[in-house]
Amino acid sequence: MSDPVVADTRRLNSKPQDLTDAYGPPSNFLEIDVYDPQIVGVGRGRYTTYEVRMRTNLPIFKLKDSCVRRRYSDFEWLKNELERDSKIVVPPLPGKALKRQLPFRSDEGLFDESFIEERRSGLEQFINRIAGHPLAQNERCLHMFLQEETIDRNYIPGKV
């Protein structure tokens, strides 16, 4: 009878961690927050904008700290650009909420606080999933979305 094969369970030799390793900045990080929703305009011209703040030390981004205001349609634009020009699977956006746009609602519809918070959370999840993808990080449209005050919708698609 032969001996059964035993998996090697010895630990890898690693260097001891010092305070700089433990509490220093991470080697690579990308943080994107979507926050501070603001309702802009009046009547039928009303919409909500969100602050999109990015902090990173990834060399591919020219700005290491940026903050821009975006609305839902800007997120839709980014999704459409990535689906058209890149080879990545783009995650879905939070829903369009067509029923919330109907007149004679008992709540604020699209401008109801709980709906705005739910959408904000969904947009934050969406942009973090996209920006965390290595292939998406090369796309010019993502850089424009995250780092430029206004989106040039006539830009020439391509890599950074």
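Throughout what follows, the structure given in this document is the object of discussion. None of the values given here were measured: they were computed from a predicted structure. (Residues numbered from 1 in each chain as written. Predicted model: local features only at pLDDT ≥ 70, side-chain atom pairs only at ≥ 80, totals over all residues. Heavy atoms only, no water.)

1. Some details on the side chain of T48
Then step 1. Positionally, T48 belongs in strand β2 (residues 47-56).
Then step 2. Contacts of T48, omitting those with residues within four sequence positions, involve P37, Q38, I39, R70, R71, Y72, F111 and I116. (Helix = DSSP H or I, 4+ residues; strand = E, 2+ residues; numbered from the N terminus. Contact = heavy atoms within 4.5 Å.)

2. Quick look at helix α3 (residues 113-131)
Then step 1. Here α3 is 19 residues long and its end C-alpha atoms lie 27 Å apart, about the 27 Å a rise of 1.5 Å per residue gives.
Then step 2. Among all positions in α3, only F115, I116, R119, R120, G122, L123, F126, I127, I130 and A131 are buried.
Then step 3. Of the surrounding elements, those touching the buried residues of α3 are β1 (30-40), β2, α2 (72-85) and α4 (140-147). (Expected span 1.5 Å × (residues − 1). Buried < 20%, exposed > 50% of the residue type's maximum accessible area, 1.4 Å probe, protein only.)

3. Quick look at the sheet that holds β1
Then step 1. If you walk across this open sheet you meet the 3 strands as β1-β2-β3, and the pairing is antiparallel. Sheet topology places β1 and β3 (65-71) at the edges, where each strand pairs with a single neighbour. Pairwise comparison of adjacent strand axes, ignoring direction, gives a mean angle of 20° for this sheet.
Then step 2. Against the sheet, α2 makes contact with β1, β2 and β3, and its axis sits at roughly 105° relative to β3, the strand it touches most.
Then step 3. Contacting β1, β2 and β3, α4 runs over the sheet at an angle of about 90° to β3. (Pairing = 2+ DSSP bridges. Axes fitted to C-alpha atoms, helices over the stretch in contact; angles between N-to-C directions.)

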